[in-house]
Amino acid sequence: MAPSASAPTREEEEEEQQQLEEERFVPSHHPSAPPDELFDISTTVDPSYVISLIRKLLPLDARNGDNTEIRGSNCNDEVVSSSNDKCKGMEIVDDFSKSDFQGEDEEDSGRGGENARVSAGEEVWEECGCVLWDLAANQTHAELMVQNLILEVLLANLMVTQSVRVTEICLGIMGNLACHEVPMKHIVSTNGLISVIVDQLFLDDTQCLGEAFRLLSLGLQGSECRIWAEALQSEHILSRILWVTENTLNPQLIEKSVGLLLAMLESQKEVEHILLLPLMKLGLATVLVNLLAFEMSKLTNERIPERYSVLDVILRALEALCVIDGYSQEICSNKEFFQLVCDLIKFPDKVEVSNSCVTAGVIIANILSVVSDLASDLSQDLPFLQGLFDIFPFTSDELEARCALWSIIARLLVRVQEDEMSASSLRQYVFILSSKADLIEDDLFDHQFDENKENESLATCGRISNARTFALRRIISILNKWNSLKDSVEEKHVMEEHANAENIHRLLDCCHKYTVSGAE
């Protein structure tokens, strides 16, 4: 009898199993990466995986190989499969499409097994769509997607779907695609896509509207902004945008809708010519002022952190409107608007809304340049003057904002008649100036670096220097007048004046120093 073969040892079995695992996970046509590059493997997305996700978003029309709705001239034959191949593995999505895309009644398709398949199909579609939404944020992935007809797939979905979730995901994917130059050009060149996107503004779903506003804002900020503006210029479309902006109670939707209005105001001149006149006729200025009043009441009474960004974007939109020729007079003459931004300057907890306070300062400077008479009453508002100085720490990196603040201070102090006012009234101004001596000194110290910064506007540096120098001369005059009167002040104020004397002396020295250097 022939001898039996010896059984393999345990070590040999483990070695053979390990070799099989290695062969399984490392294909022969994919060489192993160098050890120092292994970390990149986890961040690489296989193009075929992206394409498979796009296929799973195909609506019902693609099931039978109908390619009339989904076609393109820029497809890559090595990447984009034929329309028949696109239908493979789509049985679950087809079931979902029958119900959600075609809008069949649940009674007609209500059998338990089919309902289960529809539910599963919804989950598959949403999961694939959300993955593509995330991947579209990457430029390489985004360009791969548009090369493989994702825009045609999304357009087909938007034209037939009755699901707000599907609509939200389609708009969200396109919103991320629009962040990149090449995909944005594909969006613009896809026939009928922009008009379908605009149609989504008439939905009543908050999430869909938010994504639509975001996508349209990106379109107006790009090089093809005129095409987007022309798609929005109809009165009923602009009226809808304003209506949603004014009537929604959702803070995120307010922020995105005002963000769209801001994109219109800050876009190129040709967009301004197309959209601004009809918007103003429809009450744009009134809508923005009403929103500002609402947010200021929320800030004063509730202080909800999630609303701070809403306040900021509203103010930015109003700031943009204040400097547009032909329209600035209307908004700058609005007394309610002026009072609201002045109230924000006097808001005590500026750290929470520092960006908004800085924007408010710039707005007030613009208003005073148009309606200078408003400075007379404002010069007697001492809490407002104090609030202006309190904003300086938040403007260290914003030369334009600092210029605006010094411009306002100069306009106010020039109207202070220190030679004609009583000692008690003069004392109030001196107290504010001396109490803010540190803030003034810090800003003047930063001033010496302004002119040495590269890429700074020479015109801006000149404006801030002139406004600051004029304001400093007024401060010197007020403090000198006080020093000449202090011996005649009532005895009860002597101790308090003694405490402020050091700040007054230091502030005078500082103002003299920078006034001389500014003159030079």
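Residues numbered from 1 in each chain as written. Predicted model: local features only at pLDDT ≥ 70, side-chain atom pairs only at ≥ 80, totals over all residues. Heavy atoms only, no water.

An unreviewed UniProt entry lists the chain under the name Protein saal1, with Theobroma cacao given as the organism. Heading Sequence similarities (unreviewed entry) of the UniProt record for the chain holds this comment: "Belongs to the SAAL1 family." (UniProt positions renumbered as here; feature names shortened; annotations may be inferred.)

*Asks:* Residue-level account of the overall build of the chain, with values.
*Replies:* Broken down by element type, the chain carries 26 helices and zero strands. Burial status across the chain gives 46% buried among its 520 residues. Intrachain contacts of the chain at a sequence separation of at least 6 include 77% that bridge at least 24 residues. Accessible surface, the chain as shown: approximately 26,700 Å² in total, 48% of it carbon and sulfur. (Helix = DSSP H or I, 4+ residues; strand = E, 2+ residues; numbered from the N terminus. Buried < 20%, exposed > 50% of the residue type's maximum accessible area, 1.4 Å probe, protein only. Contact = heavy atoms within 4.5 Å. Areas by Shrake-Rupley, 256 points an atom, 1.4 Å probe, with all protein chains shown as cover.)

*Asks:* Give me helix α6 (residues 150-160): which residues, what numbers.
*Replies:* Of all eleven residues making up α6, nine are buried, and the element is well covered by its neighbours. Inspection of α6 places I150, L151, E152, V153, L154, L155, A156, N157 and L158 among the buried residues, and these make up the whole buried set.

*Asks:* Residue-level account of the pattern of salt bridges, with values.
*Replies:* Per the counting criterion, the structure on display carries 20 salt bridges. Close ionic contact of D349 with R303 constitutes a salt bridge, the shortest N to O distance being 2.1 Å. Pair noted here: D349 is in the loop between α18 (335-345) and α19 (354-370) and R303 is in the loop between α15 (284-301) and α16 (308-322), with a separation of 46 residues, a long-range link. Taking relative accessible area as the criterion, R303 reaches 31% and is therefore assigned partly exposed. Between D419 and K481 there is a salt bridge whose closest N-O contact spans 3.7 Å. One end of the pair, D419, is in the loop between α22 (399-413) and α23 (423-435); the other, K481, is in helix α25 (residues 458-485), with 62 residues separating them in the sequence. Given a relative accessible area of 22%, K481 falls into the partly exposed group. Connected through shared salt-bridge partners, E126, R165 and E168 make up one network. (Salt bridge = Lys/Arg side-chain N within 4 Å of Asp/Glu carboxyl O.)

*Asks:* Kindly report on the layout of surface pockets, identifying the contributing residues and their values.
*Replies:* Roughly 260 Å³ of volume is contained in the second largest pocket. Counting only elements with at least two residues in the lining of the second largest pocket, the list comes to α10 (206-221), α13 (251-266) and α16. Residues belonging to the lining of the second largest pocket are distributed by class as follows: six nonpolar, four polar and five charged. (1 Å grid on protein atoms, 1.4 Å probe; cavity = no way out; pocket = protein on both sides within 12 Å on 5 of 7 lines; lining within 4 Å. Points joined across faces, edges and corners; volume = space filled by probe spheres on them. Nonpolar A, V, L, I, M, F, W, Y, C, P; charged D, E, K, R; others polar.)

*Asks:* Please set out the environment of L276 residue by residue, giving values where relevant.
*Replies:* In this structure, L276 sits in helix α14 (residues 269-281). Owing to a relative accessible area of 3%, L276 belongs among the buried residues under this scheme. Residue contacts for L276: discarding those within four places in its chain leaves L265, V271, L284, L321, I324 and Y327.

*Asks:* For α13, give the residues involved together with the corresponding values.
*Replies:* Between its terminal C-alpha atoms α13 stretches 22 Å, which fits the 22 Å expected from 16 residues at 1.5 Å a residue. With twelve of 16 residues buried, α13 lies mostly within the body of the structure. Where the residues of α13 are buried, they touch α10, α11 (225-232), α12 (235-247), α14, α15 and α16. (Expected span 1.5 Å × (residues − 1).)

*Asks:* Any details on the packing of α12 against α15? Residues and values, ideally.
*Replies:* For the pair α12 and α15, interaxial distance at closest approach is 10 Å and the crossing angle is 15 degrees. The orientation of α12 relative to α15 falls into the category roughly parallel. Where α12 crosses over α15, the two elements pack in a sense that is left-handed. In this structure, α12 contributes L242, T245 and E246 to the contact, and α15 contributes L284, V287, N290 and L291. Its residues assigned to classes, the contact of α12 with α15 shows four nonpolar, two polar and one charged. (Axes fitted to C-alpha atoms, helices over the stretch in contact; angles between N-to-C directions. Parallel < 35°, antiparallel > 145°, perpendicular 65-115°, else oblique. Left-handed = near helix turned anticlockwise from the far one by under 90°.)

*Asks:* Tell me about the side chain of E418, and name the residues and values.
*Replies:* Position of E418 relative to the elements: it lies in the loop between α22 and α23. Polar contacts involving the side chain of E418 include one to the side chain of R474, which spans 2.7 Å. Here the side chain of E418 touches S477 through a polar contact of 2.5 Å, side chain to side chain. Residue contacts for E418: discarding those within four places in its chain leaves L426, R474, S477, I478 and K481. (Polar contact = N/O pair within 3.5 Å; in protein donor to acceptor, adjacent residues only side chain to side chain.)

*Asks:* So, the packing of aromatic side chains: which residues are in play, and what are the values?
*Replies:* This model, assessed by the stated rule, comprises two aromatic pairs. A ring pair is formed by F389 and F392, whose centres lie 6.2 Å apart and whose planes are at 40 degrees; its orientation type is tilted. Seen from their ring centres, F392 and W406 are 5.1 Å apart, and the 45 degrees between their planes marks the pair as tilted. Taken as a pair, F392 in the loop between α21 (382-391) and α22 and W406 in helix α22 lie far apart in primary sequence, 14 residues in all. The class for F392 is buried, based on a relative accessible area of 5%. Put simply, the rings of F389, F392 and W406 touch in pairs and so form one group of aromatic residues. (Phe/Tyr/Trp six-rings, centres within 6.5 Å; stacked < 30°, edge-to-face > 60°.)

*Asks:* Which residues make up unusual backbone geometry, and what values do they have?
*Replies:* Leave glycine aside and you will find that most residues have negative phi; peptide bonds, for their part, are mostly trans. Positive phi is not limited to glycine here, since L149 has a value of about 70 degrees. With respect to the helices, strands and loops of the structure, L149 is situated in the loop between α5 (139-147) and α6. On the basis of relative accessible area, L149 is assigned to the buried category, the value being 6%. Of note in the backbone geometry, R303 takes a positive phi value of approximately 55 degrees without being a glycine.

*Asks:* An account of the side chain of E168 is requested, with residue identities and associated values reported.
*Replies:* Relative to the helices and strands, E168 is located in helix α7 (residues 164-177). Polar contacts involving the side chain of E168 include one to the side chain of R165, which spans 2.9 Å. Not counting the four nearest positions on each side in its chain, E168 is found in contact with W133, Q207, C208 and E211.

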